[in-house]
Amino acid sequence: MDRHFTLLVGSVLGASEYVADAIAETLRARGYKATILTQPDIADIDEDSTWFICTSTHGAGELPDNIKPFAAQLEGEDLSDIEFFVVGLGDSSYDTYCYGAIAMETLLTKGGAKLMAEPLHIDVLHHPIPEDRAVEWLEPILDTLD
Ligand SMILES: Cc1cc2nc3c(=O)[nH]c(=O)nc-3n(C[C@H](O)[C@H](O)[C@H](O)COP(=O)(O)O)c2cc1C
């Protein structure tokens, strides 16, 4: 019950930040601690916390600029002590749908981190209020956690 989540946000236009806010609110309502990092840096993450990636995709399947340095920090790191969740925002009209979220998942998994639930990819074409979809996905997962 004393789990601490660190939300690691990748966003250009702010939608993923709204989603991270809603996730943090949901976590806090359950008694968990939640910290949001909008300029994620490995040095700022509480070492006992569960990581919660929340990122959109921009460009041709690229991560938002604000999370790129963090992604670079993870290259080659031993992440075997890390447990993590992933929520990605994307638009399914792109061939590179949710590639940013997939890239983060791949990096973490490569480092040995443990994925705690099947990632959620939110298609903003079909979910005009992505934070509602994120909370709907998260609630039943939290029912089974700890
Ligand atoms: C210039 C541009 C490029 C985009 N490229 C992709 C893409 O390659 N793949 C994808 O799934 N979504 C893509 N999107 C959709 C965004 O990921 C989506 O609008 C998301 O909600 C933006 O979230 P943000 O406000 O947190 O950045 C793109 C959007 C824009 C404006």
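Residues numbered from 1 in each chain as written. Predicted model: local features only at pLDDT ≥ 70, side-chain atom pairs only at ≥ 80, totals over all residues. Heavy atoms only, no water.

## Side note on the packing of aromatic side chains
Within the structure shown, the criterion is met by six aromatic pairs. When the ring of F5 is compared with that of Y32, the centres are 5.3 Å apart and the planes differ by 80°; the resulting orientation is edge-to-face. Taken together, the residues span a long stretch of sequence, with F5 in strand β1 (residues 4-10) and Y32 in the loop between α1 (15-29) and β2 (33-37) at a distance of 27 residues. Ring plane angle 50° and centroid distance 5.6 Å describe the contact between W51 and F70, whose orientation is recorded as tilted. (Phe/Tyr/Trp six-rings, centres within 6.5 Å; stacked < 30°, edge-to-face > 60°. Helix = DSSP H or I, 4+ residues; strand = E, 2+ residues; numbered from the N terminus.)

## Looking at the UniProt feature "domain: Flavodoxin-like" (unreviewed entry) in the protein
Those places that UniProt annotates as "domain: Flavodoxin-like" (unreviewed entry) correspond, in this numbering, to residues 5-142. In the segment residues 5-142, helix accounts for 34% and strand for 23%; the C-alpha atoms at its two ends are 12 Å apart. (UniProt positions renumbered as here; feature names shortened; annotations may be inferred.)

## Focus: helix α4 (residues 130-143)
Along its 14 residues, α4 runs 21 Å from first to last C-alpha, staying within 8% of the 20 Å computed at 1.5 Å per residue. Those residues of α4 that sit buried are P130, A134, W137, L138, I141 and L142. Down the axis of α4, the sector holding all buried residues measures 130°, keeping them to one side. For α4, exposure combined with an orientation more than 90 degrees from the buried face picks out E136 and D143. In the core, the buried residues of α4 are packed alongside α1, β3 (50-56), β4 (83-90) and β6 (120-123). (Expected span 1.5 Å × (residues − 1). Buried < 20%, exposed > 50% of the residue type's maximum accessible area, 1.4 Å probe, protein only. Arc of directions from axis to C-beta. Contact = heavy atoms within 4.5 Å.)

## Considerations on the site of the ligand
With respect to spatial proximity, 19 residues lie near the ligand, and among them S11, S16, T57, H58 and T96 are the closest. Within the backbone of V12, one N or O atom sits 2.8 Å away from an oxygen atom of the ligand. The backbone of T57 places a nitrogen or oxygen atom 2.7 Å from an oxygen atom of the ligand. When the residues that make up the shell around the ligand are grouped by side-chain class, the tally is eight nonpolar, 10 polar and one charged. (Near = heavy atom within 4 Å. Polar contact = N/O pair within 3.5 Å; in protein donor to acceptor, adjacent residues only side chain to side chain. Nonpolar A, V, L, I, M, F, W, Y, C, P; charged D, E, K, R; others polar.)

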